[in-house]
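# Residue-level structural notes
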Amino acid sequence: MDLLQTSISQYLANVNHDNTKALEIATKLASQIENKHLKLLDLVKSLGDYLTADDDLLRPKATMCLSQTLDQISPSGLTKHDIQVLISFYLSKIDDLKSTKETLFGIDSLIVMNQFPPIHIKPILTILQDQYQSTQHLASTRFFTFDILNNLFDKFPHVVQKYSNQFIETFIHIASGEKDPKNLLISFTLNGKISSTLQIDNYKDDLFDVLFCYFPISFKPPKDDPYKITSDDLKNALRQAIASNSLFAEDSYPNLLEKLTSTAPIVKHDTIKTITQCIKNYSIDSLIANYIELWNALKFEILHGDPDDDEDELFPPILEIFTTITQKLESNQEYFEKFINLVLDELKSNIQTLTNKQKQSCILLSSISSASPQAFNKIIYPTITLLLNNSTLSTQDQRSLITNLGYFTSSYILVFGTITEEKNVSQISENSLLQFKDEILILLGKALMSTSKIEVALRTLSIAELTKLTTLLDFLSPEEISLIVQYFTETVLIDDNEYVYGAGISGLIQIGSIDSSILLEITFPKLLDFLPIDGSMIEILIDDEFKPRIKIFEVLKSITRDKQLGDWVLEKLIKKLSELNELDNVYGFEISETCLVILKEIQRLSPFDTDLYLKTLYPQLLDILDKNHSNDEFLESIGDLIKLIIVYSKKNLHQEILDDSINKFIYEKGLITGSPNKLINIFVKIIAGLDKIVIFPKVDEFLDDLIKFTELNSNELNKEPYTKLGYLQLISLIMNKFISNDSKYINYLDNSDGISSINLEIFTWITKSIVLKMSSESENYITILFNYLSNEEFGLIITKSFEILVIDLNNFEKFKKKQNNNVRLLYKQSFFQIITPLLISGFQQTQDLKTKSNYLTSLSYILKHIKREIIIPHLSSFFPLLLQAISLPKSEVRYASINTILSTIDEIPDLVSSHLSTLIPKFLEMSQHKNTRLNNEKVRLICLQVLEALVHTVDITKLIPFQERIIKELSDVLDDPKRSVRKAAIDTRQAYYELGRTVD
Amino acid sequence: MSDVINANPTILDDKSLPTRAEETEKVTERSLNPHLASLLDLSLVDSSNLNDQESIHSTPSLENDEGSDEEEEADPIDSQEIFDLVAHISDPEHPLTLGQLAVVNLPDIQVRDSGNKNEMAEVIIRITPTITHCSLATLIGLGIRVRLERCLPVRYRITILLKEGSHQSENQVNKQLNDKERVAAACENDQLLSVISKMLATCK
């Protein structure tokens, strides 16, 4: 008992001060009651005196204690008797204005109890109706009245039915004048429930008024809104409620249409959405009674609007209303026809002649026609007849006619669907657009093929419209689509305008995506026919005009997007390649590049196995190379094609490829026994493409031989960099893919006889293979290379090694879902984390300027190939290096370091602004046309760009002191001999002229 | 400015304005495959130095970049460059640029420059107001002058004239536009300067 008293005292002390603590106590009491450790009666008794105390502060607190405890008891925790006693107690307390909130809370908690006797519903309603005045209470108190009604409605629908009149009256009583958003949200929801389930005939006006007086809601939630109620929540709840009962129609439509005249777009949108909702929810009869009114009001919004300048985006939702009306009216044939006829009659005159309302009328009609097949057919015939009536048309007229027709083909798609996306329409048999098909095709064909090339807009439009026609379900015949393909093919060949060309290409792609055999039949043979026999013809004659032959390749690259087309094109192009003679390297390169792009693109769109190509194309390509491998570009490009074919083939074929290639290249051609041969690059491509699961026979010996061969032939190889890099890449690839002992060559440079550049190159490429793997040996290899940066003899050339380590080479490309090498995704991050501290500490420790420069040069080589995201975290640690690098007497280093600052300036404004007084004079000096070997065009340009970038990143107050100086000193740069530098100086000066000046 | 005098001027498409033709790069066989070019760059030993046996190991000296100026091919300032500077200035009363309104035209720009940085040079621009009684001709002229003074080296003398017969009070306006004192005075006027700032804001 004492314990109970303590709890109560604690509760009374904490409530309204520390409500979490109070809740804790209430929860404890509740669980004690549920566990029968405490009798409810005892709690009431203990509270007794407080509950009836005269103290206006104490009484509510005590009531709250009881109510909150009840609230925490589970619904099954109280007996019917308990509830009855408590209800009577609470009902008697309702006139205690000081504790109304607590009382209502108590009643609310009791209603959700399982044993709550419905007999108390009527008294509760009566008391709320008679003794409660919402205006006397705070929002939090009023909340409980809504919650009580809401709980009653949900829990006792039948009893509420029985007392529906009183329930509605009570609701109207408590809801009138409410303005708290949280309460309104319940009020709207409850109103919606009431209106859609109870008999509201006698109360429809009041229920509607208690809703519509809030329309339109312009509520902005406060910043720290604990309830997280959004404006949309409220709008939706209100909209649902207004649309909940057809009886509201006679009030809602006129009122809503009046709100539509508002000029605020938000209000308009809200109104339009509400009207749509009403049409959908209300009965058909209420629509029949109101459709004329709706039509008259809404049509003006469209007819007087500008579809091309619909800033507030009102067109789509209003048009949706028309579609909704049409769909709804369709259940009553008589009124459906009346409506359609009304619309047609009114708009006929707008369509007949070219008025400024023709477009709007067409949009309107198309929205109605998109409602259903029946509506479509009823609208299309009369409308299109009128539209096509004019025989002679100016270009302008043709454009608007095609645009207008386009609205109806869009409706076609909405009603019947496209070839790839059928709508479930039962009777497609009747379709009145079909009878206009020929006329439309002639019109569009004429607009595309017989108008001057200058009419870009018209031609582009007709291509887009023709493309759309080819997608319509059950519309064009195959012959007609073929004709369109012919049009498009001719257009992309002769028209160079980017819009027309682009539209033609996407048209061909679209048609090809549905059925590529049409392209195969018409477009592709035509394109291939234009390809010259040999490389001497750079231009080809198409339709009396000379066009560069590269155009054919561009078209092929763009439209070959599936395997069927790819098979055909690759076969023909590679056949062409094999017919070329040795001098046609450029032409050959163009062809093989086209094959490469096509193969990559098809693989990207839908991957497929190239096993078949291995049998057909692969040997052909090798044969071509046997005949002709004098040109490096050509060789490399064919090699890439070979690699792709291998990569995309099944890996169980790879062992055989490897064995054959070793035979062919290593034994027959003697690539590592004879003299150096550039065909090694083809072998590299094959190795690069193979799955790493294949077994390379005697690989350790092979690699040793390969390295020895490279060392021995270094003089010859140095004259042939392409060949040399082939051998080096092969070393790297084999090390990466087939050697598991990563430390095998860690001591490679420990040679008592001294080393030469070739040893360093070999070691660099071995290190690359280790870095790519992210092997634990990486750090050791990198450190060895790093130490050579301070080497007197090799320091400078070794800087380049660091570029080799991180540059992306396509021979090391890792293909998705393929295991063609051991290249890890995050190797650059890991490398960067190892090298940055080495470079920074090395830079700080050495005094030798050459070595310092080597560190910076290698850093700039690395930064060239590493993404910003990886750099940024390390930026502040090597920013001092960059600052020093700017002053180093080497333009490459200067450029690289300034470029790093420029590309990261957004991330480090504080760092930069703390160095302004050194940076700005430095940049100003370097942007001058002096000492141009050092400050070459690139350096001058980037200095100016950094100066301009400062305006956008550094705090203006820090920059103002430099403003005049910058403007003044840059005036000399305006006379720079290089145009690009002058332009940058102008832009930078302009930025500083405007600094601090606000342009409104 | 609220009263638009010429509400419906002829407008040129922004794309049809004269531009400097893209300097076409010479297509050499080497640049066919950029990837290969970057690969070949990865050789630690520069093959072009090979004839000179000594240079294999002796790395290029650090001081290489210091000293004598490199010969750079100069791009002289020409009328296209001037046109690009002024064509994108906004008209004070239309949301269009002077280029689009054909107020400035490429053939009406003359540049006289000997190329010697120590000699005076001259730019003469003839502007065509959209209508002959255009009251904003002086403002447009002033905008062009401010733009050019900011953008051209100080050795340039800038002359802005109305095209013959394009304006009712041609001489008066010409005098006003090329009067140093009056231009300087106009630039002291903060309100005027902010109008000009707005006009120049669209410059590319």
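Residues numbered from 1 in each chain as written. Chains lettered and ligands numbered in written order. Predicted model: local features only at pLDDT ≥ 70, side-chain atom pairs only at ≥ 80, totals over all residues. Heavy atoms only, no water.

Annotation of chain B in UniProt includes, under Sequence similarities (unreviewed entry), the sentence "Belongs to the MIP18 family." (UniProt positions renumbered as here; feature names shortened; annotations may be inferred.)

Looking at an unreviewed UniProt entry, chain A carries the name MMS19 nucleotide excision repair protein, with the source organism given as Wickerhamomyces ciferrii. What the UniProt record of chain A gives under Sequence similarities (unreviewed entry) is the line "Belongs to the MET18/MMS19 family." In its Subcellular location (unreviewed entry) section, UniProt records this for chain A: "Nucleus".

Let us look at the overall build of chain B. Scanning chain B from N- to C-terminus turns up 6 helices and 3 strands. Of the regular secondary structure in chain B, the N- to C-terminal order runs α-α-β-β-α-β-α-α-α. Within the span of chain B, comprising 204 residues, buried residues form 42% of the whole. Put simply, 68% of the contacts in chain B that link residues at least 6 apart link residues at least 24 apart. (Helix = DSSP H or I, 4+ residues; strand = E, 2+ residues; numbered from the N terminus. Buried < 20%, exposed > 50% of the residue type's maximum accessible area, 1.4 Å probe, protein only. Contact = heavy atoms within 4.5 Å.)

Our next topic: the overall build of chain A. Assigned secondary structure in chain A consists of 49 helices and 2 strands. Computed over its C-alpha atoms, the radius of gyration of chain A comes to 41 Å, more than 25% above the 30 Å expected for a compact globule of 1000 residues. Dimensions of chain A, computed from the C-alpha atoms along their principal axes, are close to 110 × 90 × 70 Å. Burial status across chain A gives 57% buried among its 1000 residues. Counting contacts in chain A only where the partners sit at least 6 residues apart, residues at least 24 apart contribute 74% of the total. Accessible area of chain A: about 42800 Å², with a carbon and sulfur share of 51%. One way to put it: in chain A the 100 positive side-chain charges average out to a point 4 Å from where the 131 negative ones average out. (Rg over C-alpha atoms; globule rule 2.2 N^0.38 Å. Areas by Shrake-Rupley, 256 points an atom, 1.4 Å probe, with all protein chains shown as cover. Lys, Arg positive; Asp, Glu negative; His and termini not counted. Charge placed at Lys NZ, Arg CZ, Asp CG, Glu CD.)

Residue and element names in this part refer to chain B. The sheet built from 3 strands is open, its strands ordered β1-β2-β3 with mixed pairing. The strands lining the two open edges of the sheet, one partner per strand, are β1 (109–112) and β3 (156–162). Here the strands of the sheet are splayed against their neighbours by 10° on average, with no regard to which way each runs. Pairing analysis gives 4 bridges linking β1 to strand β2 (residues 121–127), with the strands arranged antiparallel. Paired with Q110 across the two strands is I124, which belongs to β2. Sheet contacts for helix α2 (residues 79–86): β1 and β2; angle to β1, the most-contacted strand, approximately 125°. (Pairing = 2+ DSSP bridges. Axes fitted to C-alpha atoms, helices over the stretch in contact; angles between N-to-C directions.)

On to the environment of I514 of chain A, then. All names here are of chain A. Its location among the elements puts I514 in helix α25 (residues 498–514). Assessed through its relative accessible area of 30%, I514 is described here as partly exposed. Once the C-alpha coordinates of I514 and F763 are considered, the two residues, 249 residues apart in sequence, prove to be 53 Å apart.

On to a nonpolar patch on the surface. On the surface, a nonpolar cluster with roughly 340 Å² of combined accessible area is contributed by M774, L825 and L826 of chain A. Mapping M774 of chain A onto the fold places it in the loop between α38 (757–773) and α39 (778–787). (Patch = residues over 30% accessible without salt bridge, like charges linked within 9 Å, V, L, I, M, F, W, Y side chains within 5 Å. Salt bridge = Lys/Arg side-chain N within 4 Å of Asp/Glu carboxyl O.)

Counting from both sides, the interface comprises 55 residues of chain B and, opposite them, 63 residues of chain A. When the two sides are added together, the surface that chain B and chain A hide from each other amounts to roughly 5600 Å², 54% of it contributed by carbon and sulfur. Between the two partners, chain B and chain A, sit 7 salt bridges. Notably, a salt bridge pairs K117 of chain B with D975 of chain A, separated by 3.6 Å at the nearest N-O pair. There are 14 residue pairs in polar contact (both at pLDDT 80 or more) connecting chain B and chain A. (Buried area = accessible area lost by both parts, 1.4 Å probe. Polar contact = N/O pair within 3.5 Å; in protein donor to acceptor, adjacent residues only side chain to side chain.)

This next bit is on the packing of aromatic side chains. Residues and elements named next belong to chain A. Applying the stated criterion to the full structure yields 31 aromatic pairs over all chains. Summarising the aromatic geometry, the rings of F89 and Y90 are spaced 5.4 Å apart at their centres and angled 50° between planes, so their arrangement reads as tilted. Given the relative accessible area of 23%, F89 is considered partly exposed. Ring centres of F665 and F683 lie 5.9 Å apart, and the angle between their planes is 45°; this geometry places the pair in the tilted category. On the criterion of sequence distance, the pair formed by F665 in helix α33 (residues 654–668) and F683 in helix α34 (residues 680–689) is long-range, its members being 18 residues apart. With respect to class, F665 is no different from F683; both count as buried. (Phe/Tyr/Trp six-rings, centres within 6.5 Å; stacked < 30°, edge-to-face > 60°.)

Entries for chain A in the domain assignment read domain 1 (1–104), domain 2 (515–649), domain 3 (694–866) and domain 4 (877–993). If you average the C-alpha positions of domain 1 of chain A and of domain 2 of chain A, the two centres end up 87 Å apart. (Domains from an automatic or database assignment.)

All names here are of chain A. Taken as a whole, the second largest pocket encloses approximately 690 Å³ of empty space. Considering the residues around the second largest pocket, the lining is formed by 30 residues, among which M64, K101, E102, S140 and F144 are closest to the centre. Listing elements by their share of the lining of the second largest pocket, those giving two or more residues are α4 (58–72), α6 (100–111), α8 (139–155) and α11 (181–197). Among the elements that make up the lining of the second largest pocket, the one with the highest residue count is α8 (7 residues). The class makeup of the residues in the lining of the second largest pocket is 11 nonpolar, 9 polar and 10 charged. (1 Å grid on protein atoms, 1.4 Å probe; cavity = no way out; pocket = protein on both sides within 12 Å on 5 of 7 lines; lining within 4 Å. Points joined across faces, edges and corners; volume = space filled by probe spheres on them. Nonpolar A, V, L, I, M, F, W, Y, C, P; charged D, E, K, R; others polar.)

Looking now at the nonpolar core. Ranked by internal contacts, the top residues of the largest apolar core, which has 390 residues, are F683 of chain A together with I144 of chain B. Residues within four places of I144 of chain B in sequence aside, it is in contact with V86, I89, L98, V104, I125, I127 and I160 of chain B. (Core = buried A, V, L, I, M, F, W, Y, C linked by side-chain atoms within 4.5 Å.)

This brings us to the pairing of β2 of chain B. Residue and element names in this part refer to chain B. Most of β2 sits out of view: 6 of its 7 residues are buried. Where β2 meets β3, 7 bridges bridge the pair, whose relative direction is parallel. Pairing of I124 across the sheet is with T159, part of β3.

Bringing unusual backbone geometry into the picture now. Here the amide bond leading from F215 of chain A into P216 of chain A is cis, since omega sits at -10°, within 30 degrees of zero. With respect to the helices, strands and loops of the structure, P216 of chain A is situated in the loop between α12 (204–212) and α13 (231–242).

All names here are of chain A. The final tally for this structure, using the stated rule, is 0 disulfides over all chains. Left unpaired, C278 is separated from the closest cysteine sulfur, that of C213, by 16 Å. What makes C278 buried here is its relative accessible area of 0%. (Disulfide = S-S within 2.5 Å.)

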